[in-house]
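Each chain is listed here by its residues.
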Amino acid sequence: MSTPVTLRVENISKIFGRVAAVDSLSCEVRRGELLGIIGPNGSGKTTLVNLITGFVKPTSGRIIYDGRDITGAAPHKIVCLGISRTFQMVRPFYQLPAFKNMIIPLYSPRVRQQAGGGYGDRDAVALDLLEEVGFERDAHVAYKPAGTLPQGYLKRLELAKAIALAPDLLILDELFSGLSLAEVASVVPVIEKLRAAGKTIIMIEHRLKELFRIADRIMVLNYGRKIAEGTAAEVMESEEVKKAYLGSEE
Amino acid sequence: MKKRRERIDRGIKVRSEDIYALCSWREMLYLAGPRVLPAAVFLLLPLFLGVYWQKVMLSVAVFALLAMSWDMLAQSGMISLGQALFFGMGAYVSGVLNFYFGLPPWITIPLATALGGALCTIVLLPVLRLRGIYFSMVTLIIPLMLVRIIEATKIFGGTEGLSGMTPLPAGLIEVYLVTGVFLAVLFGLRRLMETDYGLVLKGIRDNDRSVTNAGINIYWFKTQALFISSAIGAFAGAFMTHIYMFVGMPVFALDYSILPIAAAVVGGVGTTAGAALGAVLLVPLSEALRGIGGLRIVMYGLFLVVFIVAVPEGLFDYIQRKYHQMERWVEIDK
Amino acid sequence: MFAGTLVFALINSFILILLALGFNLTFGISGVANFAYGALYVMSAYMSWAMMRLLSLPFWASAAVSIAITMIAGALMYRFVLLRVRGQALSEVIATFSIGLAILEVFRYLGLVGFEYTLPVFSGESFMIAGAYVDMQRIAVVLIGLMLVLGLWLFTHFTPLGLAFRGIAQDERTALTFGIDSDRLGVLSVSFGAGLAAVAATIIIPLGSIAPDEGYDVLIKALAVCIIGGLGSTGGVIVAGFIIGFAERFTDTYIGSHWTMIVSLAAILLVLAIKPSGLFGRQKELEERI
């Protein structure tokens, strides 16, 4: 365990009324690794992300990021500390062109502090970032209103918005869902590049094949609890995991 | 042969879209016209009007300021049902400063603008964190309650109000002062909402979660928008105190809350110019209908409902579209 | 003096609760902000008055008819105005408020103000309770208030329609998948809310007189109670009604009548600052914030 722990989740719980969306979950994420979080629908994956990023306050437990207790901190402050995320349900600003959608993340104080004073020409930076995630520059896709773009582009726009914030920890919530194999192939190099730069990445996914190819470790959730953790192979061997996904005889 | 209607940008609009517009007088006129012409009209009109109509112009400018400030809040996702709060706060602050401390108008008005804006912002801070509907409710309630409080506690003159304020230098100076501010706010706000800052505000209206996710403190931005808007409203109130040389409970009247909304809805919500246009149309109309007295506010209300339901984009949008685009019939090719 | 204040505080609380019930039903339970609420209250009172004076109908008949008409008015308002702007909070509030405004200002213009504009009390008797004379009407307020609250609770918890109302309030999409027609329910909820306003008017107006300004006051009070109690919670309305009712009455007796409004306003701002969903609000954090 030589690599330092960048995110530690300690016994986190979130109870809505009588339902425990997340139930005493603990885990650690090491710097520079790519952790995949999988589990059936409703197992608490997105709630966990909401808890980490501050959009939901935990009922109990703690979250420590880089040695700092961020439990219950305001979401925008958490972003400024270096955690950035994408949303499962993508809702861009429909009438604005795709690159104008990027302006808001580029306006963020986080960007100002990372880029030492902010970007002068946000439009140009936006176009560059979009090109990196696969918006073909010569087809001027970035200029089209976001409402006219298909899901594949919208998901990549969401990714670009998260990357624009220069995060140290990037959390991607079902990025691959809705993407064709070609689109996934265009996005994976971007993720690999971020890893090469030393960024830590957490990915929630349902598309296991694509995830297993790039993830270092996998964590499996079910009913708000962690039921398995380890490499992809280890995790898929687990009886609990098989039961969770496939059901059991009884 | 079947035909369908097609709407496309006018040639001149496309030609004037980039820097080469500078090469042609016609294109520059096309761009500058809609901006310079109304401004010129507003600046020259007072010279030709009698005193009565000058007062109407004054009213137009004041209500336009209230309408534009309402519109700015609406663009940031906050619907205020109480512009009268901003107006009244500015009116009372400047009235009090003048009555009890004897400060002259050129001090009380700027002071009331800043102080009134700050007070309104502080009072409304608790509601900024809540759903938009709470903001609307509270802005509705507060002026109505303030009226009753003033009536009951008799502070600041109670039901009689404070009178005998220092007037502004009469005649053209008052009109030009308020018209100048009106034009400055019109062009300033329009410009502001088009910058990236304005984009953030509109983003807060459309999808505040997304804006928060970008690391931006939406409450801070909302507070700023609220301050700007309430300061503009406070200016209008402070100005009117010195015009009427009186301030009293009527400054919190519903008229000051409803007419700005009606103006913005009729002119078109979301384009600052729409709010101004609406005021230019509705205020003289309401003056002309002065005879029906109390029914005027009924008229504003009905206009509001009709426009909200039937013409939601407003008149300015219609005019802008006609200016920039043309419609023609084209064949439908199989 | 204390006992007397206590009695009147109780009565005042029930008045506030009665006023707020209709608004709470419509907004809290069906999510429709009906800012024409106060206007409908006043309108129903004027209608009863007109029917008694001009058509010589007995009071109970006039009241029944005007309650019915008010309910229809509410339904029409939803059908023709709210339906078109459903979901855009801006337009809902503005549209309903403008309609309410138009109604009230027309009444003001017609000059229907004065002591002769009032509704009759049920009975002229009064009782001596704890050293203060309490008239029958006020007792009726308390009794009918209790009945309505109980009735409403039973309705929303045990009848299919009432449960459907709550379903729409909690999660409209899911309710739709259950076959609950949210549009039809919207019409019904505004209609019922309006009806409750009319019922409240029938009982409370006799304590004073009808005036257009009552419309704004009623809206403010209903809003205040619902905000403090928590939108959607009948229990909250009751508790908030008591809190504000007692606060107002005691302030009136011991501090001074002009401070009562300030107390209410301060209470609203305080609650919004500390516990925004209201004392018993059901809104969860995520939806409630902004």
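Look a little higher up for the structure.
Conventions adopted
- Residues numbered from 1 in each chain as written.
- Chains lettered and ligands numbered in written order.
- Predicted model: local features only at pLDDT ≥ 70, side-chain atom pairs only at ≥ 80, totals over all residues.
- Helix = DSSP H or I, 4+ residues; strand = E, 2+ residues; numbered from the N terminus.
- Rg over C-alpha atoms; globule rule 2.2 N^0.38 Å.
- Buried ≥ 20, exposed ≤ 12 C-beta atoms within 10 Å, placed from the backbone.
- Contact = placed C-beta atoms within 7 Å.
- Core = buried A, V, L, I, M, F, W, Y, C linked by C-beta atoms within 7 Å.
- Nonpolar A, V, L, I, M, F, W, Y, C, P; charged D, E, K, R; others polar.
- Pairing = 2+ DSSP bridges.
- Axes fitted to C-alpha atoms, helices over the stretch in contact; angles between N-to-C directions.
- Parallel < 35°, antiparallel > 145°, perpendicular 65-115°, else oblique.
- Left-handed = near helix turned anticlockwise from the far one by under 90°.

**Re the overall build of chain B**
Part 1 of the reasoning: Helix and strand content of chain B: 14 helices and 4 strands.
Part 2 of the reasoning: For 334 residues, the compact-globule estimate of 2.2 N^0.38 gives 20 Å, and chain B sits close to it at 22 Å.
Part 3 of the reasoning: Viewed in the frame of its principal axes, chain B has a C-alpha envelope of about 75 × 55 × 40 Å.
Part 4 of the reasoning: Looking at the 334 residues of chain B, the share that counts as buried comes to 48%.
Part 5 of the reasoning: Partitioning the contacts of chain B with sequence separation of at least 6, the portion at a separation of at least 24 is 79%.

**Things to note about the nonpolar core**
Part 1 of the reasoning: Grouped together as the largest cluster of nonpolar side chains are 269 residues, with contacts concentrated most on Ala64, Leu65, Ala67, Met68, Ala262 and Ala279 of chain B together with Leu18 of chain C.
Part 2 of the reasoning: The contact partners of Ala279 of chain B, leaving out residues within four places of it in the chain, are Val60, Phe63, Ala64, Ala67 and Ala263 of chain B.

**Concerning the interface of chain C and chain B**
Part 1 of the reasoning: Each side of the interface is counted separately: chain C has 35 residues, and chain B has 35 residues.
Part 2 of the reasoning: Those elements that place two or more of their residues in the side of chain C that touches chain B are helix 3 (59–85), helix 4 (89–109), helix 9 (212–229) and helix 11 (260–274) of chain C.
Part 3 of the reasoning: Broken down by element, the side of chain C that touches chain B gets its largest block of residues, 15 residues, from helix 4 of chain C.
Part 4 of the reasoning: Taken together, the residues of the side of chain C that touches chain B break down into 26 nonpolar, 4 polar and 5 charged.

**Quick look at the sheet that holds strand 2 (residues 19–30) of chain A**
Residue and element names in this part refer to chain A.
Part 1 of the reasoning: Spatially, the 4 strands line up as an open sheet ordered 2-1-4-5, and their pairing is antiparallel. Taken across any chain shown, the strands that pair with only one partner, and hence form the sheet edges, are strand 2 and strand 5 (68–69).
Part 2 of the reasoning: Here 2 bridges tie strand 4 (residues 60–65) to strand 5, and the two strands are oriented antiparallel to one another. The partner of Tyr65 across the bridge, within strand 5, is Arg68.
Part 3 of the reasoning: Packed onto the sheet, helix 1 (residues 45–53) meets strand 1 (5–16), strand 2 and strand 4 and runs at close to 65° relative to strand 2.

**Some remarks on the packing of helix 5 (residues 105–128) of chain B against helix 10 (residues 218–244) of chain B**
Residues and elements named next belong to chain B.
Part 1 of the reasoning: Where helix 5 meets helix 10, the closest approach of the two axes is 7 Å, and the angle between their N-to-C directions is 140°. With respect to helix 10, the axis of helix 5 lies oblique. Relative to helix 10, the crossing made by helix 5 is right-handed.
Part 2 of the reasoning: Here the residues of the contact of helix 5 with helix 10 sort into 17 nonpolar, 9 polar and 1 charged.

**Some remarks on the pairing of strand 3 (residues 34–38) of chain A**
Residue and element names in this part refer to chain A.
Part 1 of the reasoning: Among the 5 residues of strand 3, 5 are classified as buried, and the element is accordingly described as predominantly covered.
Part 2 of the reasoning: With burial as the criterion, each face of strand 3 is covered, one bearing Leu34, Gly36 and Ile38 and the other bearing Leu35 and Ile37.
Part 3 of the reasoning: When strand 3 meets strand 8 (residues 200–204), the two strands line up parallel, connected through 4 bridges. Paired with Gly36 across the bridge in strand 8 is Met203.
Part 4 of the reasoning: Sheet topology note: the strand 3/strand 9 (residues 217–222) ladder contains 4 bridges and is parallel. In the sheet register, Leu35 faces strand 9, and the bridge partner there is Arg217.

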